[in-house]
Amino acid sequence: MFKKDFVWGVATASYQIEGAAYEDGRGLSIWDDFCKQDGKVFMGHSGDVACDHYHRYKDDFKLMKELGVKNYRFSVSWPRLIPNGTGEVNPKGIEFYNNLIDSMIENGITPYMTLYHWDLPLELHYRGGWLNRESSDWFYEYAKVIAENFGDRVKYFFTFNEPQCFIGQSYSRMLTQAPGIRYSNGEVVKMAHNVMMAHGKACMALREFSKGDVKVGYAPTYCYWYPENENDPKEVDASYEKSFKTELDPNGFGWLSAWWSDPVILGSYPEDGLKLYGKYLPDTWKEDLKVMCQPLDFLGQNIYNGTEGHLDENGNFVDTKRYDGFPRTANMWHVTPNALKYAAIHLYRRYKLPIYITENGLCNQDVISLDGKVHDPQRIDFLNRYLIALDEAIESGAKVDGYFQWSFMDNFEWANGYRDRFGLVYINYQTQERIPKDSAYWYKEVMETNGEKLYEHLK
């Protein structure tokens, strides 16, 4: 069962909810530019206004409080704080995030801050972005500004959100994320290396310049494998090995687990990965590992789905064929609760760090019903299944300290614009009205009962 001090919360990200894209001295990000390009984002949507959280945050936090939310993972807009990415700091940006944090605390909400959730300052993109080795120094400077201004009240930090996505899907694979420019595998491997260098330097800055003790983590993502036969230890071990294996991806570099986590936690690149990609690393990579690998207090992980596998007659671990009509979400992701269970089990087995599930949730086709409410039984069922699976991971010995549901409110879902709805709270984008969905009230009970609500169906 979930421990007494288990952290229940919700999550959002700056570009997806804040809006006010051209107000109060904010600089441009790569997403501001990407959204203006024809055909990049569904129906030409953008985050210019989004959920207008920039102007409505006080009411949003009052609503969070009413819905029982006590922990909130949010991100900071780098170009709102430092418009050009380096150099002059925007006082209005500092003021906004000070007010944001103070409002959270006034409503009894503990802030969990993510430094980077994909909105790279456009000026830094023009200077080479993550391919520029100086990028880790830019990020150190940014982290220092955050620590000096917010580290007195914010005690929990995540450096990066889903580097596999903002590198792999932006420069290598599907190019669905900003800036959407294809680079060679060699260049993308260098980008990944620089991001992990930036992570290490940010850890140093947060600890050096924050007032008081802070706890620092990292929030990558992956679709982990899980065993078809959970009672077969060999199959469980095989799903673990598969989850951390580095293989050559025909779609391009990026969607890997061990490559993105071993260096920052274990201080080494995975050996199988070095055989494939080591030739692309800079000559300084062995020394750089000392910078990347800083002590972490916890490991975040965003988990939505995964793949079931089994041992075939030759002892090979292969994907299990999904049956016809296998359940999917509205954005066509498979519903696989055991992916959350075994992600936690596998990650704790490998890294021995407390785990936070930093994102998990359901994209649904939500509508305002005739009674004026938003009924989303699919989301309730999805979350119930996944959270029971997470509880089973804890019972199996995985140390899981918290869970942040994605997302508190419907928002700008990147290349899918406002088409996809993940929120516990419905946003009417024409009026900016907030309507808590049935799932919001259900999740309130889950948090209040520390998970006992999940087993109500068994009574």
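Now for a look at the structure at hand. (Residues numbered from 1 in each chain as written. Predicted model: local features only at pLDDT ≥ 70, side-chain atom pairs only at ≥ 80, totals over all residues. Heavy atoms only, no water.)

A look at the overall build of the chain
Argument step 1. Secondary structure summary: the chain contains 16 helices and 13 strands in total.
Argument step 2. Relative to the compact-globule value of 23 Å for 459 residues, the chain shows a C-alpha radius of gyration of 21 Å, a close match.
Argument step 3. Principal-axis analysis of the C-alpha atoms gives the chain an extent of 65 × 65 × 45 Å.
Argument step 4. Buried residues in the chain amount to 62% of all 459 residues. (Helix = DSSP H or I, 4+ residues; strand = E, 2+ residues; numbered from the N terminus. Rg over C-alpha atoms; globule rule 2.2 N^0.38 Å. Buried < 20%, exposed > 50% of the residue type's maximum accessible area, 1.4 Å probe, protein only.)

Details of the state of the cysteines
Argument step 1. With the rule as written, the count across this model stands at zero disulfides.
Argument step 2. C35 takes part in no disulfide bond, and the closest cysteine sulfur, belonging to C51, lies 14 Å away.
Argument step 3. Residue classification places C35 among the buried residues on the basis of a relative accessible area of 8%. (Disulfide = S-S within 2.5 Å.)

Considerations on helix α7 (residues 135-150)
Argument step 1. For α7, spanning 16 residues, the distance from its first C-alpha to its last is 22 Å, which sits close to the expected 22 Å at 1.5 Å a residue.
Argument step 2. Along α7, the residues classified as buried are S135, S136, W138, F139, Y142, A143, V145, I146, A147 and F150.
Argument step 3. As for α7, its buried residues are in contact with α4 (78-81), α5 (91-106), β3 (110-116), α6 (122-126), β4 (156-161) and α9 (185-209). (Expected span 1.5 Å × (residues − 1). Contact = heavy atoms within 4.5 Å.)

A closer look at the sheet that holds strand β6 (residues 225-227)
Argument step 1. Here three strands make up an open sheet; going across it, the order is β6-β8-β9 and the pairing mixed. Each end of this open sheet is capped by a strand with a single partner; those strands are β6 and β9 (317-319). Across the sheet, the axes of successive neighbouring strands diverge by a mean angle of 45°, strand direction being ignored.
Argument step 2. Pairing between strand β8 (residues 307-311) and β9: three bridges, direction antiparallel. If you follow H310 over to β9, its bridge partner there is V318.
Argument step 3. Of the strands in this sheet, β6, β8 and β9 touch helix α10 (residues 233-243), which is tilted by about 175° from β6. (Pairing = 2+ DSSP bridges. Axes fitted to C-alpha atoms, helices over the stretch in contact; angles between N-to-C directions.)

Things to note about the pairing of strand β2 (residues 71-75)
Regular strands have side chains that alternate between both faces of the sheet.
Argument step 1. Burial within β2 is extensive, with five of its five residues counted as buried.
Argument step 2. Side-chain alternation along β2 places N71, R73 and S75 on one buried face and Y72 and F74 on a second face that is also buried.
Argument step 3. Of the strand pairs in this sheet, strand β1 (residues 7-11) and β2 are connected by two bridges, and their pairing is parallel. Considered in β2, the bridge of V10 is made with Y72.
Argument step 4. Summarising the sheet, β2 and β3 pair through five bridges and their orientation is parallel. Each residue of the ladder has a partner; that of Y72, found in β3, is P111.

Section: the packing of aromatic side chains
Argument step 1. One pass over the structure, following the stated rule, counts 62 aromatic pairs.
Argument step 2. With 5.9 Å between their ring centres and 65° between their planes, Y269 and W285 make a pair best called edge-to-face. Remark: W285 occurs in helix α13 (residues 285-292) and Y269 occurs in the loop between α11 (258-265) and α12 (271-277); sequence separation between them is 16 residues.
Argument step 3. When its relative accessible area of 3% is taken as the criterion, Y269 is described as buried.
Argument step 4. Residues F412 and W414 carry aromatic rings whose centres are separated by 6.2 Å and whose planes lie at 75° to one another, so their mutual orientation is edge-to-face.
Argument step 5. The structure contains a cluster of three or more aromatic residues connected by ring pairs, namely Y15, W31, F34, W118, F412, W414, Y418 and Y429. (Phe/Tyr/Trp six-rings, centres within 6.5 Å; stacked < 30°, edge-to-face > 60°.)

Details of the nonpolar core
Side chains of nonpolar character tend, in soluble globular proteins, to be buried together.
Argument step 1. The biggest cluster of nonpolar side chains holds 136 residues, and the ones touching the most others in it are W31 and W130.
Argument step 2. In terms of residues, this core owes the most to one element, α9, which gives 12 residues.
Argument step 3. In this structure W31 touches Y15, V41, W118, T176, Q177, A178, F412, W414 and A415, once residues within four positions along its chain are discounted. (Core = buried A, V, L, I, M, F, W, Y, C linked by side-chain atoms within 4.5 Å.)

A word on the sheet that holds β2
Across a sheet, paired strands are connected by hydrogen bonds in the backbone, their directions being either parallel or antiparallel.
Argument step 1. The strand order across the open sheet formed by eight strands is β5-β4-β3-β2-β1-β11-β10-β7, and the pairing between neighbours is parallel. Two strands bound the open sheet, and with one partner strand each, they are β5 (215-219) and β7 (299-302). Averaged over all pairs of adjacent strands, the angle between their axes in this sheet comes to 25°, without regard to strand direction.
Argument step 2. Inspection of the sheet shows β3 paired to β4 by four bridges, in the parallel sense. If you follow Y112 over to β4, its bridge partner there is Y156.

Focus: the packing of helix α8 (residues 163-171) against α9
Argument step 1. Viewed as axis vectors pointing N to C, α8 and α9 meet at an angle of 155°, and their least axial separation amounts to 10 Å. In terms of axis orientation, α8 runs roughly antiparallel to α9. The handedness of the crossing between α8 and α9 comes out as right-handed. For the pair α8 and α9, contact is made by P163, F166, I167 and Y171 and by V188, M191 and V195, respectively.
Argument step 2. Taken together, the residues of the contact of α8 with α9 break down into seven nonpolar, no polar and no charged. (Parallel < 35°, antiparallel > 145°, perpendicular 65-115°, else oblique. Left-handed = near helix turned anticlockwise from the far one by under 90°. Nonpolar A, V, L, I, M, F, W, Y, C, P; charged D, E, K, R; others polar.)

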